Amino acid sequence: MDQVIAILRGRWLAGLFRLCMVAAMLVLAVGGSDFGFVRQIDNDLRALRFKAAPRPATGDTVYLAIDKQSLDRVGTWPWPRGIYAEAIDKLLASGAGDIFLDVDFSNPSTPGEDTKLEKALDDAGGVILPVFHQYRTAGSQNDVTITRPIPQLADKAWLAFANVFPDRDGRVRQMVMGDVLDGAPVQSAAALLAGAHQTIGPLPIDYSIQPSTVPTYSFGDLLDGKVGSKELNGRNIVIGAYATELQDIFAVPVYRTLPGPVLHILATETLLQKRALHGFNQKPLQLLLVLLILVSIFALRRRSVLIVVTGALALFATGEVAAFALQRQLAFTLDTASFWVLLAAGLFMFMTEKIDLSNLLVAIANAEHYNTRRVLHRIVADSADGVIAFDESLDVIEESGSVRTLLSRPRRIRRGASLPQLLPDDLMQNVRKTIADYTASPDRARSRTVAARIAHDGGTRHLEATITISPAIARPDKVRVHGPAFLGSLIMRDDTARRLYEDKLEELAHSDALTALLNRHAFTEALDRMEGWVHIAVLDLHRFSVLNATLGRDAGDELLKAVADKLRAAEPSALVGRLGSDVFCLAVPTARYQPESALAERLLALFDKPLSFGGRQVQSSVHVGLRTRPGPDGDATRWLEETERALEDAKLVAGSGWRSYDPATALHVSRAREVERHLHTGLERREFFLVYQPQIDLVSGDLIGAEALIRWVQPDLGMIPPVEFIPIAEANGFIAELGEWILNEACREAAGWPDDLTVAVNVSAHQFLSADMLGSVRRALAASGLPARRLHIEVTESVFIHNTDKLADILKALRADGITVALDDFGTGYSSLSYLAAFPFDKLKIDQSFVRKMASDAGAEAIVRTILSLAHSLGLKVVAEGIESEIEWRMLQQMGCQQGQGYHFGKPQGPAQLLSLHGRETWSLAAVS
């Protein structure tokens, strides 16, 4: 009887199988690419066809990439919009065609920068700027808005849609021809660049066009003049992101990822090469294929399997070759995935008909019960994880061999053992909670994952355990003591190694690897938790870099460990940390040290005696910075930074010493850092400019030249006086670059003046003694065309403290070239008579501090007369600085001073104002107030 039932059941299942297969094939034929797996296969096949038939770009569109080199060159992001204005001007000068700036200009910048870009757009007469569809708020799929450039820029440009729309799998396969903006159709950037007329509809991208063949150049090379008309003339330009940090990267077929601007270029190339992909409705053809497959299955039942499979493979190959040819030659897409899935389903049905499916199902049904039990038992027994299966009586019915090891049991667990006797209490408690959850709602399975601990070899073994309670049919031989019948499983995994690793990572994240002290992050967190008033100290070792270089890096590390041990031993209850290198910090309640100087003296005294380590002793003093925090405010980082600023002040003390935080000093330091931060970008952004103070022949009153003086207007900080930024530039070495710019700019400007006017340029001691000072001067003269006789180089007396032999050689070389050399601010620095006799100067400039006092101070007048007498004896001309009245002019004239400058003749002014003074007869009437 059982055999008959099995046969009938098998035949019924076989008929149901055939019916389901036919229904599935019909659904697939109608749905086609609506099914995700079919669409994915079609996409993959299309990508393979692209890859198999690569084609080059036309070269009519150039990609100017905002790459890492360009970002480093400008030094900030977003860029000042003047950068884009400069680029547009260069592109126009190079004869470029249409320009697409794939950059978001939807927010205003500074008025000056926006105006620069507006002017450049207006001059260009048709630069393309992007508009985007985007969601107004996160999580909203309906509230869509359009982002566009600010009106100031939009009015001077062409607008084009630049949205990129990924498919469901995240890859971009098509763009759009355009969209609607303010009720009017607006083309996409690709359509505009390609000169297409269509403004609506999709634009599939032809990925057989190779991105590597698109002419690509760095945006920075354009700004530096390395890319010009040779590369750009007559070509369309796309400017956009390339650097990874700008995050304008999209997943695509064939090439994995591409920058957004390259997608616009490939879409443009698709239109230019007439490669917009198109297809047709394949559903009728797919339904016809289903019919042919069903007819073939029953017609070919007696044919050899080999013949049928060979025919199917031949059909597959022919179809793919045809699809490849259509896509390659005509840009016609044939989605073949549905055909091949249907063909595979047909082959499967054919194979089931070739064998006796009914008899197969009967055999499977007969063997199923026997095999299932045996396989499950083997899977559980051999599992590397600890597996215990139990029933509603909490008796073990299956277990894996690894359970004994995980639970540290002396012998294998026998079947039927009681679960509560095997498990630790905390794990068994979680089992009972899971059973309780299931009992409350027995219609579905319950599961939870918990952590447990087992004592093992004097230590602890950490387990991760997953408990699952599933519904089951009640067994009549079992008494149900826990409500509804169920089957339970407990899967355990040894988690000890991971837990120990996480504990180690936690320790490393909060401590210094070398000294085991708190690191900066952990120290600030602990400081925020300290209650009450706290003294914070930051100290560093004096001359540690010298000690490290002398003793070696290993000895230096031992020295740092010795310092850490000394601080821990001296203040066991204090927070002690290492901020980096040789900088340590600690925090103690103020009640222990009153006033804070007591803490400073305590720390300094710790290092009175040599430090002992590794069998050696090293004497090292420290600098200490102090700051007192009134109470916890959640801003420990600020308190620590202020203490570090106090340490910087302490470092100015020779040897060891300490300083408390001074807000005024900190403000000065902060201002200096802010100025220093803007120096390089200020020069790149042309924030520096020169003004010129007139220099007068004191006998005739004629304008004979001017002294070039630098000025700086920083957009955020305003006018910064030279007395503030010049010392900073000298300290960080930027003075060489800045000085060379002044020299070139002054020579370039003076080259356009009348031939009888000279220009004087101040050169700092750092710049004067640089490796190529003489070359810099000669290059500036050659580039500007200014005759050497019209350039005056002024040096201050501070140069005498440097290499005097090198100084003398440079001065002689300058004079040999015809350049006039003047000693500036004479009498206020390091001058001695021996310097005047030893060095080849042409002029002396009397410092304004003497000139301004000489009308009312006999001593100042005597000094001026002495300098004039000395200069005349040495054959030197004299220029008096700081002439502010006609009385001073007349006195100097009577003393025999030849030249002068000062507010009486004119304040520092622009070149146009200076040239308006040339040729005046009576200077006193032209004085600038």
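As annotated in an unreviewed UniProt entry, the chain is Diguanylate cyclase (GGDEF)-like protein from Rhizobium halophytocola.

Most often, soluble globular proteins keep nonpolar side chains buried together rather than apart. Membership of the largest hydrophobic core comes to 76 residues, with the highest contact counts inside it found for Phe-725, Val-759, Phe-768, Leu-791 and Leu-892. Top element by residues in this core is helix α26 (residues 735–750). It accounts for 7 residues. Once residues within four sequence positions are removed from consideration, Leu-791 is found in contact with Leu-743, Cys-747, Val-759, Val-761, Val-777, Leu-781, Leu-786, Ile-819 and Thr-820. Residues Tyr-84, Ala-157, Leu-223 and Ile-239 belong to the second largest nonpolar core, which totals 35 residues.

Here the focus is the UniProt feature "transmembrane region" (unreviewed entry) in the chain. Within this structure's numbering, the places UniProt gives as "transmembrane region" (unreviewed entry) are residues 12–31, 284–300, 306–325 and 332–351. As a span, residues 284–300 carries 94% helix and 0% strand, and end to end its C-alpha atoms are 24 Å apart. Between the first and last C-alpha atoms of residues 332–351 the distance is 35 Å; the span itself is 75% helix and 0% strand.

Another point: the side chain of His-535. Position of His-535 relative to the elements: it lies in strand β19 (residues 534–541). On the basis of relative accessible area, His-535 is assigned to the buried category, the value being 4%. Among the polar contacts listed, one links the side chain of His-535 to the backbone oxygen of Tyr-593, at a separation of 2.8 Å. Among the polar contacts made by the side chain of His-535, one reaches the side chain of Thr-628 at a distance of 2.9 Å. Sequence-distant contacts of His-535, that is, excluding residues within four places in its chain, are made with Leu-586, Ala-587, Val-588, Thr-590, Tyr-593, Pro-595, Glu-596, Leu-599, Arg-627 and Thr-628.

This brings us to helix α22 (residues 596–606). Inspection of α22 places Glu-596, Leu-599, Ala-600, Leu-603, Leu-604 and Leu-606 among the buried residues, and these make up the whole buried set. Burial along α22 is one-sided: seen end-on, the buried residues are contained in an arc of 155°. Buried residues along α22 sit in contact with β19, α21 (553–570), β21 (583–589), β24 (622–629) and β25 (657–660).

Our next topic: the pairing of strand β29 (residues 758–763). Counting buried residues along β29, 5 of its 6 residues qualify, which places the element largely inside the surrounding structure. When β29 meets strand β30 (residues 791–796), the two strands line up parallel, connected through 5 bridges. Paired with Val-763 across the two strands is Val-795, which belongs to β30.

With that settled, the discussion passes to the packing of aromatic side chains. The relation between two aromatic rings is expressed through the spacing of the ring centres and the mutual angle of the planes. In total, this model carries 15 aromatic pairs according to the counting rule given. Seen from their ring centres, Tyr-692 and Trp-753 are 5.2 Å apart, and the 80° between their planes marks the pair as edge-to-face. Taken together, the residues Tyr-692 in strand β26 (residues 688–697) and Trp-753 in the loop between α26 and β29 connect sequence positions 61 residues apart. For the pair formed by Tyr-692 and Trp-753, the shared burial category is buried. Three or more aromatic residues joined by ring pairs form one cluster here, namely Trp-77, Trp-79, Tyr-84, Phe-105 and Phe-219. One cation-aromatic arrangement involves Arg-638 over Trp-639; the distance from NZ or CZ to the ring centre is 4.3 Å.

Quick notes on the rules
- Residues numbered from 1 in each chain as written.
- Predicted model: local features only at pLDDT ≥ 70, side-chain atom pairs only at ≥ 80, totals over all residues.
- Heavy atoms only, no water.
- Core = buried A, V, L, I, M, F, W, Y, C linked by side-chain atoms within 4.5 Å.
- Buried < 20%, exposed > 50% of the residue type's maximum accessible area, 1.4 Å probe, protein only.
- Helix = DSSP H or I, 4+ residues; strand = E, 2+ residues; numbered from the N terminus.
- Contact = heavy atoms within 4.5 Å.
- UniProt positions renumbered as here; feature names shortened; annotations may be inferred.
- Polar contact = N/O pair within 3.5 Å; in protein donor to acceptor, adjacent residues only side chain to side chain.
- Arc of directions from axis to C-beta.
- Pairing = 2+ DSSP bridges.
- Phe/Tyr/Trp six-rings, centres within 6.5 Å; stacked < 30°, edge-to-face > 60°.
- Lys NZ or Arg CZ within 6 Å of the ring centre and 35° of its normal.

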